Every structure is written in structure tokens, then in C-alpha cells.
Amino acid sequence: MKPLKNRFSITLDEDIASKIKEMAEEDDRSFSQYINMVLREWIKNSEQTK
């Protein structure tokens, strides 16, 4: 069974959105998948430094 997903609407600065799109394409991921991956890693690292 796939994990449940929630839909959110966020606003990003144009330069940030462009860079994320570029990085996602280089990693052969969708924009959303890439953001999920980056945030998951950031949360993991943040929890380890506490």
C-alpha cells in the first residue's frame, strides 16, 4: 500500500523553484518527489543534530 499523501499549496521564490526543477530533472525525479526527498533528508539531519 502506498503511503498517504497530502496536497499543499506553497509559494517559492522563482530562483529557488528554477533550481529545484533543474536538480529534479538531473536526478530523474518529479518536482514533488525531489522536494519530498530533500525535506526528508533535512528533517533526518536536523533530528540527528539535536
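Everything that follows concerns the structure shown earlier in this document.
What you see is a predicted model, and the numbers here were worked out from it, not measured in a lab.

*Asks:* Can you help me understand a nonpolar patch on the surface in this one?
*Replies:* Where nonpolar side chains cluster on the molecular surface, the patch consists of Phe 8, Ile 10, Leu 12 and Ile 16 and spans about 430 Å² of accessible area. Taking the relative accessible area as the measure of exposure, Phe 8 reaches 69% and is therefore exposed.

*Asks:* For this particular structure, what's the right way to read helix α1 (residues 14–26)?
*Replies:* Given 3.6 residues per turn, any residue in an α-helix points the same way as the ones three and four places further on. For α1, built from 13 residues, the straight-helix expectation of 18 Å at 1.5 Å per residue is met to within 8% by its first-to-last C-alpha distance of 18 Å. Among all positions in α1, only Ala 17, Ile 20 and Ala 24 are buried. The arc that holds every buried residue of α1, seen down its axis, measures 65 degrees, which confines them to one face. Residues Glu 14, Asp 15, Glu 25 and Glu 26 are exposed on α1 and point more than 90 degrees away from its buried face. Residues of α1 that are buried make contact with α2 (31–48). Of the residues trailing α1, Asp 28 is marked for its positive phi of about 55 degrees.

Parameters at a glance
In every chain, residue numbers begin from 1 and rise along the written sequence. Per-residue local features of the predicted model are confined to residues with pLDDT of at least 70, and side-chain atom pairs are confined, for both listing and counting, to 80 or more; whole-chain, interface and lining totals are unaffected and use all residues. As a convention, hydrogens and water are excluded, and side-chain values are obtained from all of the structure's heavy atoms. The patches described consist of residues with a relative accessible area above 30% and no salt bridge, like charges being joined within 9 Å and nonpolar side chains (Val, Leu, Ile, Met, Phe, Trp, Tyr) within 5 Å. Accessibility throughout is a Shrake-Rupley quantity obtained with a 1.4 Å probe, and a residue counts as covered only by protein chains that appear here. The term salt bridge refers to a side-chain nitrogen of Lys or Arg lying within 4 Å of a carboxyl oxygen of Asp or Glu. Three exposure classes are used, based on accessible area relative to the maximum for each residue type with a 1.4 Å probe and protein chains only: buried under 20%, partly exposed in between, and exposed over 50%. Strands here mean DSSP runs of E at least two residues long; helices mean DSSP runs of H or I at least four residues long; both are numbered from the N terminus. What a helix should span is 1.5 Å times the count of its residues minus one. Comment: arc refers to directions from the helix axis out to C-beta atoms. Residues are treated as being in contact if the distance between any of their heavy atoms lies within 4.5 Å.

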